[in-house]
Amino acid sequence: MTGIKSTITKLSLAVVAMYGFSYALVPIYDTFCEITGLNGKTNEVAYVANDIKEDNRFVTVKFISNVANSAPLYFEPSVSEMTVQVGKPYNTHYVMKNNSSKQLHTTASPSVTPGKHAEYFKKIECFCFNQQTINAGEVKDLGIQFIIDNELPNDSGDIVLSYTMFDISNNIKETNKL
Amino acid sequence: MSANIDHLKEEHHQPSGLMRWITTTNHKDIGSLYLWFSLLMFFVGGLMALVIRAELFQPGLQFVVPGFFNQMTTMHALIMIFGAVMPAFVGLANWQLPMMIGAPDMALPRLNNWSFWILPFAFTMLLSTLFFESGGPAAGWTLYPPLSLQGGNSMPFVIFSLHLLGASSILGAINVIATILNMRAPGMTLMKMPIFVWTWLITAFLLIASMPVLAGAITMLLTDRFYGTSFFTAAGGGDPVLFQHIFWFFGHPEVYILILPAFGIVSTIIPAFSRKKLFGYDSMVYATASIALLSFIVWAHHMFTVGMPLAGEIFFMFTTMLIAVPTGVKVFNWVATMWKGSMTFETPMLFALAFIILFTIGGFSGLMLAITPADFQYHDTYFVVAHFHYVLVPGAVFAIIAAVYYWLPKWTGKMYNETLGKIHFWMTTIFVNITFFPMHFVGLAGMPRRIPDYAVQFTDFNMIASVGAFGFGLSQLLFVYILFLTLRQPVTAADKSWEGAEGLEWTLPSPAPYHSFDTPPKVD
Amino acid sequence: MNRLSILIVSMLVPLTTLADWEVNMPRGVSPTANAAYDLHMLIFYITVVIGIVVFGVMFYSIYHHRKSKGAKPASFHESTTVEVIWTVIPFVILVGMAIPATKTLIMMEDTRNSEITVKVTGYQWMWKYDYVEDDVSFFSKLADSSNEARQLGSKIDVNKVDNYLLNVDNEMVLPTNTKVRILLTASDVIHAWWVPEITGKKDAIPGYINELWVDIKEPGVYRGQCTELCGKDHGFMPIVVRAVPKEEYTKWVSLNQKNRVADKSK
Ligand code: HEM
Ligand SMILES: [Cu+2]
Ligand SMILES: [Cu+2]
């Protein structure tokens, strides 16, 4: 019977470990995404430019915007496209307007395509690092500063940067209630 | 023999009637409970399939609204997978494993009782959500967020019942492993175990490794919905695609959980009716093990269209194609077993032969699906529906039916009616093909899956499929009738019911005694 | 009833009468769709050959090695040599399949050098098309005629509806012989955009952006559907692409261009 007991113990541990593993997949996946650019995820905290060198290549960056769940927001890039020099920081901004009669809390989710180029698109400053609060009728400029890493392979074509704006006012209200 | 009969008498101290079944810790009683429960769920899930096929008989909506249709597809899948096929295999394991390895019972009888009795509660809860005002789950059995997060009140109940089902499977798997590793008759080394025991051992490990991952995934769904986490919503930095990765990390091993025991059954029946030993026993064991291992690194082939990086797509394409190698080895070994045998074609053999052909057809379409650029066309169409039904119905379900016919005389001491069995076989096989073969065509022609209504050019094949589905359903009523007739007979079956059958279970009397082997047999 | 008779006949006569029924993937009108079609046929024929060999041996055995014909069972039951052979041969066949498949995949994933970009957004339950360079933007949903007919108990004969379930109010217009980059995303839940003759499908995921490219070689109207379960009207959000020569496309753009709403930067 000791054989059976030790089998049970080992298997129970395996079950617990596999349950833990499912949660471990969350950070593993994030790391994986960052390395491979899976899903076009970009850096989530400000990039501190240090070792990027200017070079004389130019790439076109296209700016795209989306509003999730048809929230009452106007959200568009100020320019739809820029041709930028690799390794040089640039500024641009998006414009957001609250078309509702209430104050809203929003947050933006960035995504770059082709995903494999996401890692070369470095955001030095981005409104997507924080949540926004926007009053009824208010218009806001949301700035980004970015730099294209000179490690970018040659011949990589255009880069598309997309932001999806989410209205998270309800979630915030709910967490406050808790 | 007489010792066994004495033993039977001894057992009569136990409670009778309903209490006997509720409190039983006997592997045969529990095996029967599992099998009857599975049959019931097979019909419940089947009725839902018929609702689906009735609606799809013609274009235009005739019977149900789209929301209800989606509940039917979701429930049908959950019930067939977790309620019909998995419990049937556990039932077979309960009946057969102790007899096949020369043990008196399962290693953990009380645990065994719990793992069965969890099921009726879980399914009552799952099915009751259909009567909620907001309806049952409708996001597909794969529960992809954000859609599944939109659902009504059913969601926590569905998740809780899935947790229960997972727990039941895990307990069952622990029991199976503990039994196989510790209770084999002296002399039965691992490489002498019957192949069905081997496939179940490997399946049990797959369960242990994959069910907790499902539990994790659905718990994250639950906390995303109710506790403000955002594992899967982009608004909070999460990613809906992450759910798909976790789900299929469970899901692909799960599809092998649904087929490995079937491989074991077919590998038992083919030699018995070919009167020749299984060809390549060792390679069968290794093939099963490598399928199981590979099943953990192919998951993303279910999600080629989510936009993975090129390297990922290539990796998962190659690993998936690789699975075809050990699968092919199994098929070749079965054919080699028949080669120069001395075959007869009783009902279990017929089902096993149909299994080989039709499962292989499902394997071929699987191979086509593995080719990523082609899968961009096939994915989420009826072609995929055809694929997985070929591997699951004439695959898993045929194997279960074959097993029931094969071991029924051992379990009950009564022989089924061979003519009716053959009629059942031919009806089932013909209708299964009428139902599922045309789905390849409409899928290739562009019909998406999970839709309640379709463009008119898909009408003809859908009509054929619907006719086939009702025919298939009807044929299974014949199965129930055959079981009923068999059980009403007196005990007449021989201890060894099939000329070519091998294994310890055939050394026991028919019906098998309540405790299988009190004194372990010697195996050399 | 006519359909019923078709049904009965089709079940009685061999497949030849089904010649004009759609049983296969349509040939495409773009390099990617054609490549998928070619791969599909290649793999299909390979599986047919394997099937004929394996089932052939099996049926031979079933016919000749049966007890009723007096067959006596042989006693062989293992051979490392044959096991190795039937491991290696399939492996080699698979490598032969993997090579063209990988090439095609690399070609499909290369979105560089596209001339125009269209963003496609999935909504419950319609699509939105934004022509990124040209300020053209519109929603596209199931045509009213289909929408009325599809209601439960509508009593409308769907066979008489023009392109039942595959027709929209506003078609997506694309130029032929032009590499178009399609960006995919969604507003609410995951959808998938698929027009079989033009391109394989790709998911439209809220918060994230995916891409694919098309290059339509023949003018025409191509129809597709959403292929990711997206809620109750998942079956009712078709896609219609009208491919026209470049000049016509330019005209269409200038007709549909609008000034962007509410100027933002100033
Ligand atoms: C040669 C072996 C096999 C290969 C290469 C294969 C490949 C695949 C692929 C690539 C898909 C995804 C198709 C898509 O969604 O686009 C798929 C789906 C599926 N397969 Fe297989 N398969 C094989 C055997 C099996 C077996 C043995 C089973 C179970 C008994 C199975 C059950 C399923 C199921 C249930 C799905 C659909 C899941 C869903 O989307 O709901 N397959 N298969
Ligand atoms: Cu799979
Ligand atoms: Cu959809």
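Residues numbered from 1 in each chain as written. Chains lettered and ligands numbered in written order. Predicted model: local features only at pLDDT ≥ 70, side-chain atom pairs only at ≥ 80, totals over all residues. Heavy atoms only, no water.

Residue and element names in this part refer to chain A. Enumeration over the complete set of coordinates arrives at one disulfide over all chains. Covalent S-S linkage joins Cys-126 and Cys-128, the inter-sulfur distance amounting to 2.3 Å. Measuring handedness by torsion sign, the sulfur bridge of Cys-126 and Cys-128 sits at about 130 degrees and is right-handed. By relative accessible area, which is 6% here, Cys-126 ends up buried. (Disulfide = S-S within 2.5 Å. Buried < 20%, exposed > 50% of the residue type's maximum accessible area, 1.4 Å probe, protein only.)

Once that is clear, we can look at the packing of aromatic side chains. Under the definition given, this model contains 66 aromatic pairs over all chains. Between Phe247(B) and Trp248(B), the ring centres sit 5.1 Å apart and the planes meet at 85 degrees, which makes this aromatic pair edge-to-face. This pair shows no difference in class: Phe247(B) is buried, exactly as Trp248(B) is. The residue whose ring lies beneath Lys202(C) is Phe376(B), and the NZ or CZ to ring-centre distance is 5.9 Å. (Phe/Tyr/Trp six-rings, centres within 6.5 Å; stacked < 30°, edge-to-face > 60°. Lys NZ or Arg CZ within 6 Å of the ring centre and 35° of its normal.)

Inspection of the coordination sphere of the iron atom of ligand 1 shows a single protein donor, His387(B) (NE2), at 2.2 Å. Within the fold, His387(B) resides in helix α15 (residues 382-412). (Donors = N, O, S within 2.8 Å, 3.2 Å for Na, K, Ca; no water. Helix = DSSP H or I, 4+ residues; strand = E, 2+ residues; numbered from the N terminus.)

With that settled, the discussion passes to the pattern of salt bridges. Side chains that carry opposite charge are capable of pairing whenever their charged atoms lie near each other. Here the structure, examined in full by the defined rule, presents 20 salt bridges over all chains. Between Glu115(C) and Lys246(C) there is a salt bridge, and its shortest N-O distance comes to 3.6 Å. Linking Glu115(C) in the loop between α3 (80-108) and β1 (116-123) with Lys246(C) in helix α5 (residues 246-256), this pair joins segments that are 131 residues apart in sequence. According to the relative accessible area criterion, Glu115(C) is partly exposed, its value standing at 48%. Given a relative accessible area of 36%, Lys246(C) falls into the partly exposed group. A single salt-bridge network, built from bridges that share partners, covers Lys62(A), Glu81(A), Asp158(A) and Glu133(C). (Salt bridge = Lys/Arg side-chain N within 4 Å of Asp/Glu carboxyl O.)

Structurally, Asn70(B) can be placed in helix α4 (residues 66-101). For Asn70(B), a relative accessible area of 3% puts it in the buried group. At 3.2 Å, the side chain of Asn70(B) forms a polar contact with the backbone oxygen of Gly231(C). Aside from chain neighbours lying at most four places away, what touches Asn70(B) is Pro137(B), Ala138(B), Arg450(B), Leu229(C), Gly231(C) and Lys232(C). (Polar contact = N/O pair within 3.5 Å; in protein donor to acceptor, adjacent residues only side chain to side chain. Contact = heavy atoms within 4.5 Å.)

The figure often quoted for interface size is the accessible area lost as the parts come together. What the domain assignment lists for chain A is domain 1 (1-36) and domain 2 (58-177). The C-alpha-based centres of domain 1 of chain A and domain 2 of chain A are spaced at 37 Å. (Domains from an automatic or database assignment.)

This next bit is on the interface of chain B and chain A. Listed by partner, the interface residues are 29 residues for chain B and 24 residues for chain A. With both chains or domains summed, chain B and chain A bury close to 2300 Å², and 77% of this area falls on carbon and sulfur atoms. Taken together, the connections running from chain B to chain A amount to zero salt bridges. Scanning the region where chain B abuts chain A turns up three residue pairs in polar contact (both at pLDDT 80 or more). Mapped by element, the contributors of at least two residues to the side of chain B that touches chain A are α7 (154-182), α8 (195-226) and α9 (240-257) of chain B. With nine residues, α8(B) is the largest single contributor of residues to the side of chain B that touches chain A. Residues of the side of chain B that touches chain A, tallied by class, amount to 24 nonpolar, four polar and one charged. (Buried area = accessible area lost by both parts, 1.4 Å probe. Nonpolar A, V, L, I, M, F, W, Y, C, P; charged D, E, K, R; others polar.)

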